[in-house]
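# Structural overview
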Amino acid sequence: MDIRAVLFDLDGTLVGAEKPFSDIKSELRERLISLGIPEELIGDLTPMYEGLIELSKKTGRPFEELYSILVELEAERMDESFVFEGARELLDFLRNRGIKLALMTRSSRKATMKALELHGLKDYFDIISTRDDVSPEELKPNPGQLRRILDELSVPPEKAVVVGDHGYDIIPARELGALSVLVTGHDAGRMSFQVEAEPNFEVENLLHLKELFERLFSSYVVVPAYNEEKTIGAVIEDLLRYFRRDEIIVVNDGSRDRTEEIARSYGVHVLNHLVNRGLGGALGTGFAYAVRRNAKLVLTFDADGQHLLSDALRVMKPVAEGRADFAVGSRLKGDTSEMPFVKKFGNFVLDAITAVFARKYVSDSQSGLRCLSGDCVRKIRITCDRYAVSSEIIIEAAKAGCRIVEVPIKAVYTEYSMKKGTNVLEGVKIALNLLFDRLR
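One numbering rule holds for all chains: residues counted from 1, following each sequence as written. Selection of residues for local features in this predicted model requires a pLDDT of at least 70, selection of side-chain atom pairs for listing and counting requires 80 or more, and totals for whole chains, interfaces and linings are taken over all residues. Note that water and hydrogens are dropped before the side-chain values are worked out from all heavy atoms of the structure.

Numbering of helices and strands runs from the N terminus; a helix is a DSSP stretch of H or I covering at least four residues, while a strand is a stretch of E covering at least two. What the protein contains, in helices and strands, is 18 helices and 15 strands. The contact definition used throughout considers only heavy atoms, calling two residues in contact when any of these lie within 4.5 Å. In the protein, 72% of the contacts between residues at least 6 apart in sequence involve partners at least 24 apart. Only the protein chains shown count as cover for residues, with accessible areas throughout obtained via the Shrake-Rupley method and a probe of 1.4 Å. Within the structure as shown, the protein displays about 18500 Å² of accessible surface, and the carbon and sulfur contribution to it stands at 50%.

Two numbers describe how helix H1 (residues 21-34) lies on helix H4 (residues 63-77): the axes approach to 10 Å, and their chain directions differ by 145°. Here H1 and H4 pass one another in a crossing that is right-handed. Here Phe21, Ile24, Glu27, Leu28, Arg31 and Leu32 of H1 lie close against H4, whose contacting residues are Leu66, Ile69, Leu70, Glu72, Leu73 and Arg77. Three residue categories are used. Nonpolar comprises Ala, Val, Leu, Ile, Met, Phe, Trp, Tyr, Cys and Pro, charged comprises Asp, Glu, Lys and Arg, and polar comprises the others, including Gly. Taken together, the residues of the contact of H1 with H4 break down into 8 nonpolar, no polar and 4 charged. Think of each axis as a best-fit line through the C-alpha atoms, taken over the contacting stretch in the case of a helix, with angles from 0 to 180 degrees between the N-to-C directions. Two helices cross in a left-handed way if the nearer one is turned anticlockwise from the farther one by less than a right angle. They cross in a right-handed way if the turn is clockwise.

Two rings from Phe, Tyr or Trp (for Trp, the six-membered ring) form a pair when their centres are within 6.5 Å of each other. A pair whose planes differ by under 30 degrees is stacked, one over 60 is edge-to-face, and the rest are tilted. Throughout the structure, instances matching the rule amount to 6 aromatic pairs. Taken together, a centroid distance of 5.2 Å and an interplanar angle of 15° make the contact between Phe63 and Tyr67 stacked. Within this pair, Phe63 and its partner Tyr67 are both found in helix H4, separated by 4 residues, close to a single helical turn. Whether a residue is buried, partly exposed or exposed follows from its accessible area with a 1.4 Å probe, protein chains only, as a fraction of its type maximum: under 20%, in between, or over 50%, in that order. Here Tyr67 falls in the buried class, since its relative accessible area comes to 11%. Here the aromatic residues Tyr49, Phe63 and Tyr67 are joined through ring pairs into a cluster of three or more. Only when the NZ of Lys or the CZ of Arg is both within 6 Å of the ring centre and within 35 degrees of the ring normal is a charge said to sit over the ring. The cationic tip of Arg97 hangs over the ring face of Phe217; the distance from NZ or CZ to the ring centre is 4.1 Å. For the cation-ring pair, Lys210 lies above Phe93, with the distance from its terminal atom to the ring centre recorded as 4.9 Å.

This brings us to the sheet that holds strand E13 (residues 326-330). Any two strands are treated as partners once DSSP identifies two or more bridges connecting them. The strand order across the open sheet formed by 7 strands is E11-E10-E9-E12-E14-E13-E15, and the pairing between neighbours is mixed. Where the open sheet ends on each side, the last strands, each with one partner, are strand E11 (269-273) and strand E15 (404-408). Strand after strand, the sheet turns through a mean of 20° between neighbouring axes, direction not considered. Examined bridge by bridge, strand E10 (residues 248-253) and E11 share 5 bridges and lie parallel to one another. Bridging from a neighbouring strand, Ile249 pairs with His269 of E11. This element, helix H12 (residues 279-292), spans strand E9 (219-225), E10, E11, strand E12 (297-300) and strand E14 (370-373) of the sheet and lies at about 145° to E10.

Written out as structure tokens, the structure is:
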């Protein structure tokens, strides 16, 4: 994937401390009461920084006076801080790949710099952005803090990954279109409250995060294309938001129109078949190329415009995280409102036939949106040239012991895409092909 910058949260992501933030909040409350502020005016103080802003307005006390207490408590807490396992190895790994690194934290600058200098992490970062460096209106979960960092780095949001342990880290990333990773296994340093937000990826710790990045840095997209001059340009433009040009493999399957010309104009890798070999032949060529490039992730994406890039990222998630070897984007588990009845019925029949041979039921065996690990791709032997390959891939993966999961997606059906794909006649051919192949 085309990742040019990684932005880390600090507390609960890279460093932790034994004292929880709930204790900081209790101590802050006690200090405020000692100043003579009535307890009923103090309120919940969630979040603490914004709570102090409101308290200053209610009481007329100078904000700097109240805020200095919080800064002092945060800085004292950092005296007992520690670096999470794998943090330095991860930062070294990203630095060695030429990735720009930034820190985006809600902590004060005093506490932040104390932790970074104490643990020797300061020099890793091109930019260090704390809550003292932005206005309250820009501070995460608002997008302004993230936008400022990306502007200074000259990196588009789609080329950045935000890593954190809280919903406040994920929300601005999703709003601007950056990728996001939630670290779920770090309890020390987590904020005293939770906010629900869906990240693109989840990992338990920083060791697993390094493995995730290794997979993302070696991901390829195979796009089989036959006479797709009307849609191939828009599909490639969409994929280029998150993938590098050399990661996108368009297999021009003997097209008689301008498919090859248009694809090459985007600088992506184009593989040509002199004659039309069908979907199976195109996927086989694309898989072989990805294997030669030592791909760790292989995504297949239709050229007719019926897949959403947001769905592709969701399909990648379980494989990129190492929880599965093969993820199938299932239209039957997602929004089927636009899916014609004939396609639903045809898919059901083909799913049943596929399940008989694979001994594994997949609700949308004919889906063109899939993600496979490099190891799984290497175990698959494609012999079907045409549409039967969708079932064959599932059968081969199941027999090889690949862990198969399904991810709900939505297919976008247009008059153009409806003319593509399987129909009743193709369904009969698929069933016969599978039967003859198994009998060989």
